[in-house]
Amino acid sequence: MNKSLEVLTTELVIGGMTCAACAAQIERSLRSFDGVTVTVNYATEQATVTHPAHLDPATLVAEVERAGYTAELRHATRCEEEPLRGLEERLIISASCAAGVFAPAVIPALGVPGWEWVALALTLPIVAYGAWPFHRARTLVSLGILASFGWSLWNLSFAVTAAITLIALTGAYLEARAKRHTGTALRALYDLGPKDATLLRNGEVIHVPADRVTVGDAFLVHPGEKIATDGVVIEGHSAVDASGLTGESIPMEVGAGDRVVGATVNAGGRLMVRATRVGHDSRLAQITRLAEAAQSGKTEVQRLADRVSAIAVPVVLSIAAATLVAWLGLGAPAPDGIGAAIAVLIIACPAALGLAVPTALRAGTGRGAQLGILVKGADTLERARRIDTIVLNKTGTVTEGRMRLASVIAAEGESREEILALAGAVERASEHPIARAIDEAGGSVLPVEEFAALPGRGVEGWVAGKWVLAGRRELLVERWGELPDSLEKALAEAVGTVIVVGWDGLARGVLVIADSVKPTSARAIRNLKALGLSPLLLTGDRASVATRVAAEVGVNFVLAGLLPEGKVEAIRALQRQGRVVAMVGDGVNDAAALAQADLGIATSTDRAIEASDLTLVRGDLRVASDAIRLSRRILTTIRGNLFWAFAYNLVALPLAATGLLSPVVAAATMALSGILVVANSLRLRRFR
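Residues numbered from 1 in each chain as written. Predicted model: local features only at pLDDT ≥ 70, side-chain atom pairs only at ≥ 80, totals over all residues. Heavy atoms only, no water.

The name an unreviewed UniProt entry gives the protein chain is Cation-transporting P-type ATPase B, with Acrocarpospora pleiomorpha as the organism. The annotation that UniProt attaches to the protein chain under Sequence similarities (unreviewed entry) is "Belongs to the cation transport ATPase (P-type) (TC 3.A.3) family. Type IB subfamily." Quoted verbatim from the Subcellular location (unreviewed entry) field of the UniProt record, the comment on the protein chain reads "Cell membrane". (UniProt positions renumbered as here; feature names shortened; annotations may be inferred.)

(A) Spotlight on the overall build of the protein chain. On a plain count of helices and strands, the protein chain comes out with 26 helices and 26 strands. For the protein chain, the proportion of its 688 residues judged to be buried stands at 52%. Long-range contacts, defined as pairs at least 24 residues apart, comprise 68% of the intrachain contacts of the protein chain with a sequence gap of at least 6. (Helix = DSSP H or I, 4+ residues; strand = E, 2+ residues; numbered from the N terminus. Buried < 20%, exposed > 50% of the residue type's maximum accessible area, 1.4 Å probe, protein only. Contact = heavy atoms within 4.5 Å.)

(B) Quick look at a nonpolar patch on the surface. Where nonpolar side chains cluster on the molecular surface, the patch consists of Phe646, Leu650, Val651, Leu655 and Leu660 and spans about 480 Å² of accessible area. Under the relative-accessibility criterion, Leu655 is labelled partly exposed at 31%. (Patch = residues over 30% accessible without salt bridge, like charges linked within 9 Å, V, L, I, M, F, W, Y side chains within 5 Å. Areas by Shrake-Rupley, 256 points an atom, 1.4 Å probe, with all protein chains shown as cover. Salt bridge = Lys/Arg side-chain N within 4 Å of Asp/Glu carboxyl O.)

(C) Molecular detail of the sheet that holds strand S16 (residues 404–410). Taken in spatial order, the six strands of this open sheet run S16-S21-S20-S19-S18-S17, and their pairing is antiparallel. Edge strands, defined here as strands with exactly one partner in the open sheet, are S16 and strand S17 (448–454). This sheet shows a mean twist of 20° between the axes of neighbouring strands, independent of strand direction. (Pairing = 2+ DSSP bridges. Axes fitted to C-alpha atoms, helices over the stretch in contact; angles between N-to-C directions.)

(D) Spotlight on the pairing of strand S19 (residues 466–471). Where strand S18 (residues 458–463) meets S19, six bridges bridge the pair, whose relative direction is antiparallel. From the neighbouring strand, Val459 faces S19, where its bridge partner is Ala470. Count of turn residues in the S18/S19 antiparallel hairpin: two residues, of which Ala464 carries a positive phi of about 50°. Here S19 runs beside strand S20 (residues 497–503); their pairing, made up of four bridges, is antiparallel. Paired with Gly471 across the strands is Val500, a residue of S20.

(E) Main features of the packing of aromatic side chains. Applying the stated criterion across every chain yields a total of three aromatic pairs. A cation sits over an aromatic face here: Arg90 above Tyr129, 4.5 Å from the ring centre. (Phe/Tyr/Trp six-rings, centres within 6.5 Å; stacked < 30°, edge-to-face > 60°. Lys NZ or Arg CZ within 6 Å of the ring centre and 35° of its normal.)

(F) Fine view of the environment of Pro52. By the element assignment, Pro52 lies in strand S3 (residues 46–52). With a relative accessible area of 11%, Pro52 lands in the buried category. As for Pro52 and Asp34, which are separated by 18 residues in sequence, their C-alpha atoms are 8.3 Å apart. Setting aside its immediate chain neighbours within four residues, Pro52 contacts Glu6, Asp34, Gly35 and Val36.

(G) Fine view of helix H21 (residues 543–553). Within H21 the residues assigned to the buried category are Val545, Ala546, Val549, Ala550 and Val553. Looking straight down H21, one finds its buried side chains confined to an arc of 130°; they lie on one side. Looking at the buried side of H21, the elements it contacts are helix H15 (394–398), S20, helix H20 (521–530), strand S22 (534–538) and strand S23 (557–559). Phi turns positive one or two residues past the end of H21, at Gly554, with a value near 95°. (Arc of directions from axis to C-beta.)

(H) Examining the pattern of salt bridges more closely. One pass over the structure, following the stated rule, counts 16 salt bridges. Where Glu235 meets Arg270, a salt bridge forms, and the shortest distance between an N and an O atom there is 3.6 Å. Linking Glu235 in strand S8 (residues 230–235) with Arg270 in the loop between strand S12 (265–266) and strand S13 (271–277), this pair joins segments that are 35 residues apart in sequence. The partly exposed category is assigned to Arg270, whose relative accessible area is 41%. A salt bridge links Arg508 to Glu414; its shortest N-O distance comes to 3.0 Å. Residue Arg508 is located in strand S21 (residues 506–514), and its partner Glu414 is located in the loop between S16 and helix H16 (416–427); the two are separated by 94 residues in the primary sequence. Among the residues examined, Arg508 registers a relative accessible area of 13% and is labelled buried.

(I) Up close: the environment of Val261. Within the fold, Val261 resides in the loop between strand S11 (259–260) and S12. Under the relative-accessibility criterion, Val261 is labelled partly exposed at 27%. Taking the C-alpha atoms as reference points, Val261 and Ile227, 34 residues apart in sequence, are found 7.0 Å from one another.

(J) Quick look at the sheet that holds S22. Here we have seven strands laid out as an open sheet, ordered S14-S26-S25-S24-S15-S22-S23, and mixed in their pairing. At either margin of the open sheet sits one strand with a lone partner, and together these are strand S14 (373–375) and S23. Taken pair by pair, the neighbouring strands of this sheet meet at an average axis angle of 20°, ignoring direction. Here four bridges tie strand S15 (residues 389–393) to strand S24 (residues 581–585), and the two strands are oriented parallel to one another. The partner of Leu392 across the bridge, within S24, is Val584.

(K) Representation of the UniProt feature "transmembrane region" (unreviewed entry) in the protein chain in the model. In the numbering adopted here, UniProt assigns the feature "transmembrane region" (unreviewed entry) to residues 117–134, 154–174, 308–332, 338–361, 638–657 and 663–682. With 86% helix and 0% strand, residues 154–174 has end C-alpha atoms that lie 32 Å from one another. Taken end to end, residues 638–657 has its terminal C-alpha atoms 28 Å apart, with 100% of it in helix and 0% in strand.

(L) Highlighting H16. The first and last C-alpha atoms of H16 sit 16 Å apart over 12 residues, in line with the 16 Å expected at 1.5 Å per residue. All buried positions along H16 are accounted for by Ile419, Leu420, Leu422, Ala423, Gly424, Ala425, Val426 and Glu427. (Expected span 1.5 Å × (residues − 1).)

(M) Representation of the nonpolar core in the model. Core analysis: the largest hydrophobic core is formed by 73 residues, its most contacted members being Ile14, Met17, Tyr69 and Leu392. Considering every element that reaches this core, the biggest residue donor is helix H25 (residues 622–657), with 10 residues. Residues Val101, Leu169, Ala172 and Ile342 belong to the second largest nonpolar core, which totals 45 residues. (Core = buried A, V, L, I, M, F, W, Y, C linked by side-chain atoms within 4.5 Å.)

(N) Structural view of the pairing of S24. Of all five residues making up S24, five are buried, and the element is well covered by its neighbours. Side chains of S24 alternate between two faces, with Val581, Met583 and Gly585 and Ala582 and Val584 buried alike. With four bridges joining them, S24 and strand S25 (residues 599–602) adopt parallel strand pairing. Residue pairing across strands places Val584 opposite Ile601, the latter belonging to S25.

(O) Representation of the side chain of Arg508 in the model. At 3.0 Å, the side chain of Arg508 forms a polar contact with the side chain of Glu414. In this structure Arg508 touches Ala410, Ala411, Glu414, Ile419, Leu487, Val501, Gly502 and Trp503, once residues within four positions along its chain are discounted. (Polar contact = N/O pair within 3.5 Å; in protein donor to acceptor, adjacent residues only side chain to side chain.)

(P) Spotlight on unusual backbone geometry. For Ala464, which is not glycine, the phi torsion reads 50° and is therefore positive. Checked against the element boundaries, Ala464 lands in the loop between S18 and S19. In this structure Ala464 comes out as exposed when scored by relative accessible area, which is 51%.

(Q) Region of interest: the packing of helix H4 (residues 115–130) against helix H6 (residues 139–155). At a minimum axis separation of 12 Å, H4 and H6 run at an interaxial angle of 165°. What the angle tells us is that H4 and H6 run roughly antiparallel. Regarding H4 and H6, the two cross each other, and that crossing is left-handed. Contacts between H4 and H6 involve Leu120, Thr123, Leu124 and Val127 from the former and Ile145, Leu146, Phe149 and Leu153 from the latter. (Parallel < 35°, antiparallel > 145°, perpendicular 65-115°, else oblique. Left-handed = near helix turned anticlockwise from the far one by under 90°.)

Right under this line is the structure:
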């Protein structure tokens, strides 16, 4: 590829931001390069930059630094303690100096002539060092502090300046501490990864770091140890605790042939596992990437808040200037007019507005990741609020998806054993649950050549010199004509999913496959109905099977016998009726329907996850209702935060302009507003 046309994505860790206006300034700076798109998230302190390959990431870092902030390339983990320690040091030094400034008010004996020069010496480090984060990034607070200091130099009274700075700095420190807690869940995901692995190579046991495991390696997992990476059990039997990764509290029994996921804990006997996915391809890495993407995205309301924050500085400066002119024009004393103008500057700092959306996203999506609920993007929340219909795929979503062979019905003159052996051979190459059931029941070792999968219809291939076809009745009728009467009768009477098997131009038999409803599905349907959603069962299976399953779980509407394109059209038909549709599915056949739905919810395969908006790490349908509840709760929290942030400014600005709030009270109110917004977002960490 021409490197000039290649596009890369670079993620930066940003330091020094103190409000949404800082994020907007960094975005403007980076967009000055041709071909660059960027999103800067104030709460997560990260920038996601898409840029031409010829643009060196070091150039992006330099541009951020030129704008007055710090930047470095993001690694898998990062320390959020350093900026907090910096604020803590500034707060301690400022508090110590402020104690000296306030001392004469507490101990009158210290109010000796010339003490004001001592107060000036103590105030200088407060204004220069303690308030430096505001000077660098929070324009309105900085101007308020500097204006107050200028007036203090005039009248040699520094207590107000020290108080404003100390209160604002205390608020920034508490806000940073609270904001750090919103990322606890994501840091917990980083920490889930195992550190070591015990490999078996050439008969020797080797202890290596987990990140050195490669695909195909065999490794041991002793009781109590974390599984090093995704793989398949090749020896042993145990229970695996996945609660840290999926929120599932009950350990899952595994044995030879079962898949296991890295970072889960072996809670029983010794296992030998062969690695199938490592590093960035592992399930833990996939979950972490989705969680990060959700936290760095922006909703429409976030974009609105950013636009408001971007114009806040010039608007507030105008209001402050108008306030001073009005006071002086009305003949008020200069100290009163200056105090009102300073209060306007400080109280209107848009810190709460900038925190309103990203802190709620960070806390909520992080909590979701802990519970096995992954939100792909911030705009998913808007769609989750509007859905009124939820379409459920049957196999693997409502039912166990662990098919078993119930019966084999042979046409006259045919052998049941041959039917099962040939069907098992051709089905072995397919990943569909029905195919696995046939393969496992047949135990065929016959090789298959020229295999082809016909999505939603069946499979075919050469086996033992015969062209074998296995699939839906319609497929064999289309290829070879009508079925024998005995097989038609078997199809009509079968209770379960039926597969017609034939070779060399004739249908030879019918396989009946049974699936059981998950014990949690009926409860899940009740939960979805309680959210005001209308559930609908959608399947490629026969109507008789689908109707039985629907009746068992409490779904009143069924669409059966659908091919993958039929599922897509069914969703389109609902959308044409004005419905806002969510789709829950778990297979390759569901990927197109998930993409068509207003809200796609995937419960298993990578292909389905790629097409979805919400991912349920474990296949319990009850989690679907939890995912929708969580999405709605996050959006409600965002709206509450924004209401407070806007309302605070609407009420506080007039009070400050009219002199009803002193600069000191304005500083306290400004600090409190940001803390309240973050505290409200932190409530999402208690979501159950």
